Amino acid sequence: MAHWLMKSEPSVFGIDDLKAKPKQTSHWDGVRNYQARNFMQRMKKGDEVLFYHSSCPEPGVVGIAKVVTEAYPDHTAFDPDDPHFDPKSKPDKPTWMMVDVKFVKKLKRVIGLDEMKADTKLDGFQLLKRGNRLSVLPVSDAHWKAVLALE
DNA sequence: GCCAACGTTGGC
DNA sequence: GCCAACGTTGGC
């Protein structure tokens, strides 16, 4: 089983929004970056995901989710009225994909970006790289354990 | 295929 | 609100 991290702005869709969904499950739409999409296409049912809050007062890992549906076309790309509309993605040849994720748990506290940066066990973690803008990224087993050890 | 311009992300 | 970093676009 692989591990991942997915970023979201809590003012748009946070961990509490996922928890409040029917079946505590939501599709993860709106990813418009090829590298992030490729990672989503590699996701398998049962994979675990660190839920990360970005662009907020306290950026950091706030909870855990799991993949319940593997990659399928992101229909929001087909809708001209959707903010994530992309005319180059066609229903018969979709450019953008999404997965469904289910809420697992909230961490007891937020694992802040600053403390992750300070942890030498997290050296090389893609999230912590300067200028990192990927919204979906893989997490090694060692980094997964190190993040959760901070809880 | 190069590269400047532009738009977006995201921490601070 | 600022600005660095980066991906994408489009002219050539």
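Going by the structure above, here's the rest.
What comes next concerns the included structure. Values in this document were obtained by computation on a predicted structure and should not be read as measured data.

## Examining helix 3 (residues 34–42)
Right, on to step 1. Along helix 3, the residues that are buried comprise Ala-36, Arg-37, Phe-39 and Met-40. Seen end-on, helix 3 carries its buried residues on one side only, within an arc spanning 160 degrees.
Right, on to step 2. Buried positions along helix 3 lie against strand 1 (3–8), strand 4 (60–73), strand 5 (97–112) and strand 6 (136–139).
Right, on to step 3. At the N-terminal end of helix 3, a side-chain oxygen is found 3.0 Å from the backbone nitrogen of Gln-35, two or three residues along, and the residue is Asn-33.

## Side note on the sheet that holds strand 3 (residues 48–53)
Right, on to step 1. Spatial ordering of the open sheet is given by 2-5-4-3-1-6, a layout of six strands whose pairing is mixed. Each edge of the open sheet is held by one strand with a lone partner, namely strand 2 (25–27) and strand 6. Going from strand to strand, the sheet's axes swing by 35 degrees on average, the running direction of each strand aside.
Right, on to step 2. The pairing of strand 3 with strand 4 spans six bridges and is classified as antiparallel. In the strand pairing of strand 4, Leu-50 is matched with Ile-64.
Right, on to step 3. Against the sheet, helix 5 (residues 141–149) makes contact with strand 1, strand 3, strand 4, strand 5 and strand 6, and its axis sits at roughly 55 degrees relative to strand 3, the strand it touches most.

## As for the nonpolar core
Right, on to step 1. Within the largest apolar cluster, 39 residues are counted, with the highest numbers of intra-cluster contacts made by Leu-5, Met-6, Val-61, Met-116, Phe-125 and Leu-127.
Right, on to step 2. Non-local contacts of Val-61, meaning those with residues more than four positions away in its chain, are made with Leu-5, Leu-50, Phe-51, Tyr-52, Leu-107, Arg-109, Val-110, Ile-111, Met-116 and Val-147.

## Details of the protein's contact with DNA strand C
Right, on to step 1. Contacts to DNA strand C come from Asn-33, Tyr-34, Lys-88, Arg-130, Gly-131 and Arg-133.
Right, on to step 2. Each atom of DNA strand C within 4 Å of the protein belongs either to a base or to sugar and phosphate, the latter forming 70%.
Right, on to step 3. Tallied by class, residues from the surface near DNA strand C come to one nonpolar, two polar and three charged.

## Things to note about the packing of aromatic side chains
Right, on to step 1. If you walk through the whole model with that rule in mind, you get four aromatic pairs.
Right, on to step 2. Ring centres of Phe-13 and Trp-28 lie 6.5 Å apart, and the angle between their planes is 85 degrees; on these two criteria the pair is classed as edge-to-face. Here Trp-28 lies in the loop between strand 2 and helix 3 and Phe-13 lies in helix 1 (residues 10–13), a separation of 15 residues in the sequence. Take Phe-13 and Trp-28: they sit in the same class, and that class is buried.
Right, on to step 3. A ring pair is formed by Tyr-34 and Trp-96, whose centres lie 4.7 Å apart and whose planes are at 40 degrees; its orientation type is tilted. Separated by 62 residues along the polypeptide, Tyr-34 in helix 3 and Trp-96 in the loop between strand 4 and strand 5 bring together distant segments of the chain.
Right, on to step 4. By relative accessible area, which is 2% here, Trp-96 ends up buried.
Right, on to step 5. Linked through ring pairs, Phe-13, Trp-28 and Phe-51 together constitute an aromatic cluster.

Scoring rules and cut-offs
- Residues numbered from 1 in each chain as written.
- Chains lettered and ligands numbered in written order.
- Predicted model: local features only at pLDDT ≥ 70, side-chain atom pairs only at ≥ 80, totals over all residues.
- Heavy atoms only, no water.
- Buried < 20%, exposed > 50% of the residue type's maximum accessible area, 1.4 Å probe, protein only.
- Helix = DSSP H or I, 4+ residues; strand = E, 2+ residues; numbered from the N terminus.
- Arc of directions from axis to C-beta.
- Contact = heavy atoms within 4.5 Å.
- Polar contact = N/O pair within 3.5 Å; in protein donor to acceptor, adjacent residues only side chain to side chain.
- Pairing = 2+ DSSP bridges.
- Axes fitted to C-alpha atoms, helices over the stretch in contact; angles between N-to-C directions.
- Core = buried A, V, L, I, M, F, W, Y, C linked by side-chain atoms within 4.5 Å.
- Near = heavy atom within 4 Å.
- Nonpolar A, V, L, I, M, F, W, Y, C, P; charged D, E, K, R; others polar.
- Phe/Tyr/Trp six-rings, centres within 6.5 Å; stacked < 30°, edge-to-face > 60°.

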